[in-house]
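Per-entry structural report
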Amino acid sequence: MPEYSIIIPVYNRPAEVKELLESLVVQSAKNFEIIVVEDGSSERCDDVVKNFSSHLDISYYYKPNSGPGDSRNYGISKCKSDFFIFFDSDCIIPPHYFQTVNSFFKIFLPECYGGPDRAHPHFTPLQKAISYTMTSLFTTGGIRGGKTKGFHPRSFNMGFSRKVFDATNGYSKMRFGEDVDLSLRIEEAGFNSYLIEDAYVFHKRRTDFKKFYKQIYNSGIARINLHKRHPGSLKLTHFFPAMFVSFSILSFLATLLNPLFVMPLAGYTLLIFFDSSLKNRSIRIGFLSVQSLFVQMFAYGLGFMKSFWRRIILGKDEFSAFEKNFYK
C-alpha cells in the first residue's frame, strides 16, 4: 500500500510527462503510486506512461476535457492511498523530494502542505527569467508568502489528505485560480497548510512570452474571482501589478514634461536586471528578466483591472480569457 498517491493532470504534453516521470524514477524514497490523468489531449502520453510501468507503480486514465481541477478530482477517485500529492506535468522533481516529505511528516503530520518552485540548471534562459520574476521578492514572488504554517499551496506542488478532500470536495470548476480557491477553502474548513521549503520542484511554466502573458493575465482575472468567492482574501499586495501598470504609463507620459520622471521606474528596472544577473550568473537572463517583469506586471495588472471593472463595478459573472487559444 503506497503512502502517497501522485496525481498528474496532463493536456498535450507527452514530452514533459516523460521528463517528470524520469525524475520520479530516481527518487531516493519511492513510497508512492502515480496516477496520470489525460484531460482530453490530442497528443496523448499513454505510450510514454507504458514505458515506465516496469519502474514505477503507475496508472493511466483518459477522460474528456474538463479542466485541471476536475481532472485532479478524477485522479483522487482512482487512488489507493489516503494522501494525495499533485504535480503539474511541466515539473521536474529533485531526487530528495520524497525523502524530505517523509522527514517532515514524522514531525508535523500535516493535513495539507505545499512546496516552492525553482528553475532547473538546464532550463532555457527565458524559462529561468520567467522563474526569477515569478519567485523574486522584488516582483510578485513575495505575494505568495513564505510562512511555514498558514501557507496557501499551488497545485504544481501540493498535497493534502483524504480528510481534507472529504471536507472540501476537492477542486472546484474554476479554470484559473482553482488551486488558490481550494487552499482558501481548506483554511476556512479549519485545516492548517504548511510550507515545506526543501520540497521544491523545478517548474518550467510557459516557453514563450506570448503564452506567459495569457497565463498571467488570467491569474489577474482570477484574483478578483477569488475575492468574490472568498471575501477578505484580497490583500493590498494584490494591487501592486495594477499600480505598476498605472505608474509606468504615467511615468512615460510625464517624461514629455521632464525626462527625470522616468527615473524611479528606471531604477526599479535596473534593480531587477542586476539582481537577476547576479543570481543567475548571466547578463542575458538579466535582460530577459526585465522583459519578463513587464510582461508579468502588465498581464496580471491588466487582467486584474478588467476583472475589477467587470465583476466589482458592473457586477457581472465570473469569467476568464483566451479560452479558445490559451495554449497557442
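Scroll up for the structure.
Anyway, here's the lowdown on the structure attached to this text.

**Describing unusual backbone geometry**
- Not every positive phi belongs to a glycine, and asparagine 12 is a case in point at roughly 55°.
- Position of asparagine 12 relative to the elements: it lies in the loop between strand E1 (4-10) and helix H1 (14-25).
- A relative accessible area of 22% places asparagine 12 in the partly exposed class.
- In this structure, leucine 109 takes a positive phi of about 50° despite not being glycine.
- Relative to the helices and strands, leucine 109 is located in the loop between helix H4 (97-108) and strand E6 (112-114).

**Focus on the pairing of strand E4 (residues 83-87)**
- The buried fraction of E4 amounts to five of the five residues, a majority that puts the element mostly inside the structure.
- Here E4 shows two buried faces, one formed by Phe83, Ile85 and Phe87 and the other by Phe84 and Phe86.
- Note: E4 against strand E8 (residues 157-161), five bridges, orientation antiparallel. Residue pairing for E8: phenylalanine 87 is matched across the bridge by asparagine 157.

**Focus: a nonpolar patch on the surface**
- Together, Ile249, Leu250, Leu253 and Leu256 make up an exposed nonpolar region whose accessible area comes to about 440 Å².
- Residue placement: leucine 256 occurs in the loop between helix H9 (240-254) and helix H10 (263-280).

Rules and cut-offs
Residues numbered from 1 in each chain as written. Predicted model: local features only at pLDDT ≥ 70, side-chain atom pairs only at ≥ 80, totals over all residues. Heavy atoms only, no water. Helix = DSSP H or I, 4+ residues; strand = E, 2+ residues; numbered from the N terminus. Buried < 20%, exposed > 50% of the residue type's maximum accessible area, 1.4 Å probe, protein only. Pairing = 2+ DSSP bridges. Patch = residues over 30% accessible without salt bridge, like charges linked within 9 Å, V, L, I, M, F, W, Y side chains within 5 Å. Areas by Shrake-Rupley, 256 points an atom, 1.4 Å probe, with all protein chains shown as cover. Salt bridge = Lys/Arg side-chain N within 4 Å of Asp/Glu carboxyl O.

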